[in-house]
Amino acid sequence: MRESTIMKIHYGTALAAVALVAVHILMRLTQGFAESLEYENVLANYKFIPYAAMLELILILLSVHGFNGLRVILLELKQGRLYEKAVSYGCLAAMFGLIAYGSRTIIMTNMGMV
Amino acid sequence: MAQVSHIADEQASSPLSSSKSVTLKISRYNPDHDDVGKFMEFTVPYEKWTTVLEAILEVKKHFDHSVAVRYSCRQATCGSCGMMINGKPRLACFTKISELNSNVITVEPMNNFPVIRDLAVKFERLFDTHQKIKPYLIRDDTELETDEREFLQSPEEVEQYIQFANCIKCGLCNSACPTMATDSSFVGPQALAQAYRYVADSRDKGKDSRLKIIDESHGIWRCHFAGSCSQVCPKGVDPAMGIQFLRGYLLGFRS
């Protein structure tokens, strides 16, 4: 993939994540902040499908943005063909791993398996 | 013959006589023999108009002729005498001692360049990256037919790129760039500014091929927009601005 395409995704995910995290924080403020973090309330959030979908989207956006950022930092730190390939594929694998693990948590909680 | 006599006179001349003097600390390092560099101090007289290059040449003439320094035109045109002067990349011929407001002038080789010896550095990486971005007009009809006219441009079209054409390849921008310090494959502000110079030229038709060259993992996207390249340019070129314009092309904001 061209670097400009990757950076368009990088900037796009940042903007979208800022908007969705703002919604997420505002949702916390609809009730008392401490109250919103109570176990039952957190579970209730996951069971509310639109909210769970938004959390899933935030997870994907932040994972894509964060791991691309990490890739860029590591590429600037050291150079070499093998190292750069390892960094790129390593970051991609870590990104998919985190999304899979986070999605598993969201889906299991949504389905009442937790 | 007259010219030879003039050079002989210059070499035999006595040290500058002035009431003012400055301590010149020159970095000495020969990678073939030395593990670490060291500084040698010289007390050099100076006048209001004395440049750092003239002070270094004064040291070479009267104290230590083995100091290695690259220079040529002495008028900020050739771009040969770039060095770190009191911690900032500057042209030695374009920096007056009096404007530094310091009794101690420290001169070191430019950062982000391998040292040949003392103040002289290798320019291979700069020239390679400069060449990589195809620093010439690209078009199919380069050869003019007899009945054709030259490629005319309006003043507005010239305005788009003319400041970037002032680049003298001195390397000060690359020396000041923080990304160049860590990323040995980064194309650098000098080459990126030159890429913009040709992309913005209305006579050029090589925009797509040039954008493709800089749109790679160690290309234009590794610039952090620190802006230090533009701060140190002795010719008023603004590479940071050129880089932002190039990003505009790649993001689709400019065409």
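Residues numbered from 1 in each chain as written. Chains lettered and ligands numbered in written order. Predicted model: local features only at pLDDT ≥ 70, side-chain atom pairs only at ≥ 80, totals over all residues.

1. What to know about the overall build of chain B
And then number 1: For chain B, the count of helices and strands is 10 helices and 7 strands.
And then number 2: Judged by the C-alpha coordinates and their principal axes, chain B covers about 60 × 45 × 35 Å.
And then number 3: Taken over 255 residues, chain B has a buried fraction of 39%. (Helix = DSSP H or I, 4+ residues; strand = E, 2+ residues; numbered from the N terminus. Buried ≥ 20, exposed ≤ 12 C-beta atoms within 10 Å, placed from the backbone.)

2. Side note on the interface of chain A and chain B
And then number 1: Listed by partner, the interface residues are 10 residues for chain A and 13 residues for chain B.
And then number 2: Element by element, the count of residues in the side of chain A that touches chain B is highest for helix H1 (residues 3–28) of chain A, at 4 residues.
And then number 3: Looking at side-chain class alone, the side of chain A that touches chain B contains 3 nonpolar, 2 polar and 5 charged residues. (Contact = placed C-beta atoms within 7 Å. Nonpolar A, V, L, I, M, F, W, Y, C, P; charged D, E, K, R; others polar.)

3. Considering helix H5 (residues 81–110) of chain A
And then number 1: With 30 residues, H5(A) should cover 44 Å at 1.5 Å per step; its first-to-last C-alpha distance of 43 Å lies within 8% of that length.
And then number 2: Of the residues one or two after H5(A), Gly112(A) is the one with positive phi, at around 75°. (Expected span 1.5 Å × (residues − 1).)

4. Some thoughts on unusual backbone geometry
Residues and elements named next belong to chain B.
And then number 1: At Lys169, a residue that is not glycine, the phi angle is positive and equals roughly 55°.
And then number 2: Relative to the elements of secondary structure, Lys169 occurs in the loop between helix H4 (155–159) and helix H5 (172–176).
And then number 3: The exposure class assigned to Lys169 is partly exposed, which follows from the 19 C-beta atoms found within 10 Å.
And then number 4: The phi torsion at Phe225 lies on the positive side, around 55°, for a residue other than glycine.
And then number 5: The residue Phe225 is located in the loop between helix H8 (207–214) and helix H9 (228–232) in this model.

5. Quick look at the sheet that holds strand S5 (residues 104–108) of chain B
Residue and element names in this part refer to chain B.
And then number 1: Judged by pairing direction, the sheet is mixed, and its 5 strands sit side by side in the order S2-S1-S5-S3-S4 without closing on themselves. What marks the edges here is a single partner per strand, and that holds for strand S2 (38–45) and strand S4 (88–91). Adjacent strand axes in the sheet meet at a mean angle of 35°, parallel and antiparallel pairs treated alike.
And then number 2: As defined by bridge partners, strand S3 (residues 82–85) adjoins S4 across 4 bridges and the pair is classed as antiparallel. Considered in S4, the bridge of Met84 is made with Pro89. (Pairing = 2+ DSSP bridges. Axes fitted to C-alpha atoms, helices over the stretch in contact; angles between N-to-C directions.)

6. Considerations on the environment of Ser4(A)
And then number 1: Here Ser4(A) shows up in helix H1.
And then number 2: For the pair Ser4(A) and Leu59(A), spaced 55 residues apart in sequence, the C-alpha to C-alpha distance is 23 Å.
And then number 3: When near neighbours in sequence (up to four residues on either side) are disregarded, Ser4(A) contacts Asp215(B), Leu250(B) and Leu251(B).

7. Quick notes on the pairing of S3(B)
The side chains of a regular strand alternate between both faces of the sheet.
Residues and elements named next belong to chain B.
And then number 1: Linkage of S3 to S4, two consecutive antiparallel strands, is achieved through a turn of 2 residues, within which Asn86 is found at a positive phi near 50°.
And then number 2: As defined by bridge partners, S3 adjoins S5 across 2 bridges and the pair is classed as antiparallel. Bridge pairing in S5 links Met84 to Glu108.

8. Brief notes about the domain arrangement of chain B
Bring the parts together and some accessible area is lost; that lost area is often taken as the interface size.
All names here are of chain B.
And then number 1: In terms of domain boundaries, chain B breaks down into domain 1 (16–121) and domain 2 (124–141 + 150–251).
And then number 2: The gap between the C-alpha centroids of domain 1 and domain 2 is 29 Å.
And then number 3: Each side of the interface is counted separately: domain 1 has 14 residues, and domain 2 has 13 residues.
And then number 4: Per-element accounting of the side of domain 1 that touches domain 2 gives the leading share, 4 residues, to S4.
And then number 5: Looking at the side of domain 1 that touches domain 2 residue by residue, the classes come out as 7 nonpolar, 5 polar and 2 charged. (Domains from an automatic or database assignment.)

9. Remarks on the nonpolar core
Residues and elements named next belong to chain B.
And then number 1: Within the largest apolar cluster, 62 residues are counted, with the highest numbers of intra-cluster contacts made by Ile56, Leu192 and Leu246.
And then number 2: If you tally residues by element for this core, the top one is helix H7 (residues 189–199), at 7 residues.
And then number 3: For this core, the domains that each give at least three residues are domain 1 (16–121) and domain 2 (124–141 + 150–251).
And then number 4: For Leu192, the residues in contact, after removing those within four places along its chain, are Val187, Ile214, Ile220, Pro239, Gly242, Ile243 and Leu246. (Core = buried A, V, L, I, M, F, W, Y, C linked by C-beta atoms within 7 Å.)

10. Observations concerning the packing of H1(A) against helix H4 (residues 49–77) of chain A
Residues and elements named next belong to chain A.
And then number 1: Running from N to C, H1 and H4 cross one another at 140°; their axes reach a closest spacing of 8 Å. Between H1 and H4, the angle is such that the two are oblique. Crossing angle aside, the handedness with which H1 passes H4 is left-handed. For the pair H1 and H4, contact is made by Ile6, Ile9, His10, Thr13, Ala14, Ala16, Ala17, Leu20, Val21, Val23 and His24 and by Met54, Leu57, Ile58, Leu61, Leu62, Val64, His65 and Asn68, respectively. (Parallel < 35°, antiparallel > 145°, perpendicular 65-115°, else oblique. Left-handed = near helix turned anticlockwise from the far one by under 90°.)

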